[in-house]
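The chain contents come next:
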Amino acid sequence: MKITDTIQVIELKSKYGEHEMVIHPVVIYEGDQAVLIDTGIPGGYNTMMQHIRPGSTISSVILTHQDLDHVGTLPQLLDAAPGKLNVYAHIGDQPTIDGRAPFLKASPERLKGMLSELPESERDAFYSVFSPETPGNVTHTLHGGELLPFAGGLQVIHTPGHTPGHISLYHPASKTLITADAMAIEEGQLMGPVPNFTPNIDQALQSLNAFRELDVDTVVCYHGGLFRGDLQQRLDELVPSS
């Protein structure tokens, strides 16, 4: 799915534990370089790369947060990068992405069960990359409010609640809002964050207020895909008045 000639939304169907998951990473093309926003689930590298424009090299990765279905193929991306891969993440989730803190929503037992289905080499790579014994992965620490130099400017919006360092991204030139997991689409309807996977649901709902001043034509949700409709009306319906 194309947003512009340089912004592509990928649709990936993957097995995640016992369930099938459909996710939507975003790719921004800059000449023969590509910027990947979120990396999919562990074991999904080869499938994802089939959707990347031929001849493009992924030189930068923006991780919207620490969840496994967003950071899962980072080990393979680090290994495939011809030089040092640029990895952007918010300071609130950096310790986990660097392997210095445990995953917020994946106990060691759950993580072991999920990774047990992978080839041993991929499993070992995951544990190595997300280990305190190896160098950190984040090369560019975000705080919110930055304008990243991609696609003519990509605005970072800190939207905590789903995780402490969750971010969303806004591309003013195309009026596109990439919500990551701050919002989701269910049966064609734009919704707020999924409560079962959002430890601080009150904070996550209040974080949606950051979208109120944006001029948005297209909303991209990691779970659900594209929404084109009245975002501001949905925010009025979804966000409790303070």
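As the structure is a prediction and not an experimental result, all values here were calculated from the model. (Residues numbered from 1 in each chain as written. Predicted model: local features only at pLDDT ≥ 70, side-chain atom pairs only at ≥ 80, totals over all residues. Heavy atoms only, no water.)

Student: Would you take a moment to explain the sheet that holds strand 1 (residues 7-9) for this structure?
Tutor: Strands pair in a sheet through their backbones, by hydrogen bonds, and they do so in one of two ways: parallel or antiparallel. In spatial order, the strands read 1-4-5-6-7-8; together these six strands make up an open sheet with mixed pairing. Every other strand in the sheet has two partners, leaving strand 1 and strand 8 (140-142) as the edge strands with one partner each. Here the strands of the sheet are splayed against their neighbours by 20 degrees on average, with no regard to which way each runs. Relative to strand 6 (residues 57-62), strand 5 (residues 33-37) is paired through five bridges, and the arrangement is parallel. Within strand 6, the position partnered with Val 35 by the bridge is Ser 60. (Pairing = 2+ DSSP bridges. Helix = DSSP H or I, 4+ residues; strand = E, 2+ residues; numbered from the N terminus. Axes fitted to C-alpha atoms, helices over the stretch in contact; angles between N-to-C directions.)

Student: Please clarify how the packing of helix 5 (residues 108-115) against helix 6 (residues 120-129) should be interpreted in this entry.
Tutor: Axis angle and axis distance: for two packed helices, these are the angle between their axes and the distance between the axes, and together they describe the pair. The interhelical angle for the contact between helix 5 and helix 6, taken along N-to-C directions, is 145 degrees, at an axis separation of 10 Å. Judged by residue contacts, Leu 111, Lys 112 and Leu 115 of helix 5 engage Arg 123, Phe 126 and Tyr 127 from helix 6. Looking at the contact of helix 5 with helix 6, its residues break down into four nonpolar, no polar and two charged. (Contact = heavy atoms within 4.5 Å. Nonpolar A, V, L, I, M, F, W, Y, C, P; charged D, E, K, R; others polar.)

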